[in-house]
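# Remarks on the overall topology
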Amino acid sequence: MSDNSHDQHEAHTGPVKTPMQMLMLSFASFVIPVFIIIGLVFYVTSDNKPAAGAVDLEKATALRIQKVGTVEVRDANRPLKNGDEVYKAQCAACHDAGAAGAPKFAVASAWSGRLGQGLDGLVNSALKGKGAMGAQAGGDFNDTEIARAVVYLVNSAGGKFEVPKAPAAEAAK
């Protein structure tokens, strides 16, 4: 009976058999995590690590702290560009070739379905963007100049829209 009792007791004991093993296990379970934490703190606070993906540390730092926006001062009284000038500068790259589904310059069939939107709808599409065409507002040309380019483009394909006048000229009338 005592032999059977000893086997049952042995089956329920853990890997620690002596008080010295318990002391070493307690010491190791405290000291090892402390050294791991000290190593991690040292690694995080060391200065010799480059920024992620950066070869030039000064350049990477300058990019991270650069200004979010810029202020651009333009002459509000400059003469407005004509529709053909704006078209050649901003629109011709896509509309001459028909890139990404852009309706081609002077092709009536490409513009026939779009003429029903009216000038305001077409200008709105140009300013805000439509399909693959990005928004044209806020670029090198103001809204009136973009509207003039739209009129030039649409009238080349048979549209009969009137060229928009400068806002100051309308107010003076």
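Predicted model only: the values in this text are computed from it and were never measured. (Residues numbered from 1 in each chain as written. Predicted model: local features only at pLDDT ≥ 70, side-chain atom pairs only at ≥ 80, totals over all residues. Heavy atoms only, no water.)

## Things to note about the layout of surface pockets
What the largest pocket holds in volume is close to 520 Å³. Every residue lining the largest pocket is counted, 25 residues in all, and those nearest its centre are His 95, Ala 102, Pro 103, Lys 130 and Met 133. Of all elements in the fold, only helix H4 (83-95), helix H6 (118-128) and helix H7 (143-156) reach the threshold of two or more residues within the lining of the largest pocket. Broken down by element, the residue count for the lining of the largest pocket peaks at 5 residues, all from H7. Class assignment of the residues belonging to the lining of the largest pocket gives a composition of 16 nonpolar, 7 polar and 2 charged. (1 Å grid on protein atoms, 1.4 Å probe; cavity = no way out; pocket = protein on both sides within 12 Å on 5 of 7 lines; lining within 4 Å. Points joined across faces, edges and corners; volume = space filled by probe spheres on them. Helix = DSSP H or I, 4+ residues; strand = E, 2+ residues; numbered from the N terminus. Nonpolar A, V, L, I, M, F, W, Y, C, P; charged D, E, K, R; others polar.)

## Section: the side chain of Ser 125
The topology assignment puts Ser 125 in helix H6. Its relative accessible area of 15% is what places Ser 125 among the buried residues. Once residues lying within four places of it in the same chain are set aside, the contact partners of Ser 125 are Gln 117, Lys 130 and Met 133. (Buried < 20%, exposed > 50% of the residue type's maximum accessible area, 1.4 Å probe, protein only. Contact = heavy atoms within 4.5 Å.)

## Digging into the pattern of salt bridges
Applying the stated rule across the entire model yields 1 salt bridge. Arg 78 is the partner of Glu 145 in a salt bridge, and the nearest nitrogen-oxygen pair spans 2.7 Å. Taken together, the residues span a long stretch of sequence, with Glu 145 in helix H7 and Arg 78 in the loop between helix H3 (57-64) and H4 at a distance of 67 residues. With relative accessibility at 26%, the residue Arg 78 sits in the partly exposed group. (Salt bridge = Lys/Arg side-chain N within 4 Å of Asp/Glu carboxyl O.)

## Points about the nonpolar core
If you look at the biggest cluster of nonpolar residues, it comprises 17 residues, and the most contacted ones within it are Trp 111, Ile 146 and Val 150. Broken down by secondary-structure element, the contributors of at least two residues to this core are H4, H6 and H7. If sequence neighbours within four positions are ignored, Ile 146 has contacts with Val 86, Gln 90, Ala 126, Leu 127, Gln 136 and Phe 141. (Core = buried A, V, L, I, M, F, W, Y, C linked by side-chain atoms within 4.5 Å.)

## Here we look at a nonpolar patch on the surface
Among the surface-exposed residues, Phe 30, Val 34, Phe 35 and Ile 38 lie close enough to one another that they form a single nonpolar patch of about 430 Å² accessible area. In this structure, Phe 30 sits in helix H2 (residues 19-45). (Patch = residues over 30% accessible without salt bridge, like charges linked within 9 Å, V, L, I, M, F, W, Y side chains within 5 Å. Areas by Shrake-Rupley, 256 points an atom, 1.4 Å probe, with all protein chains shown as cover.)

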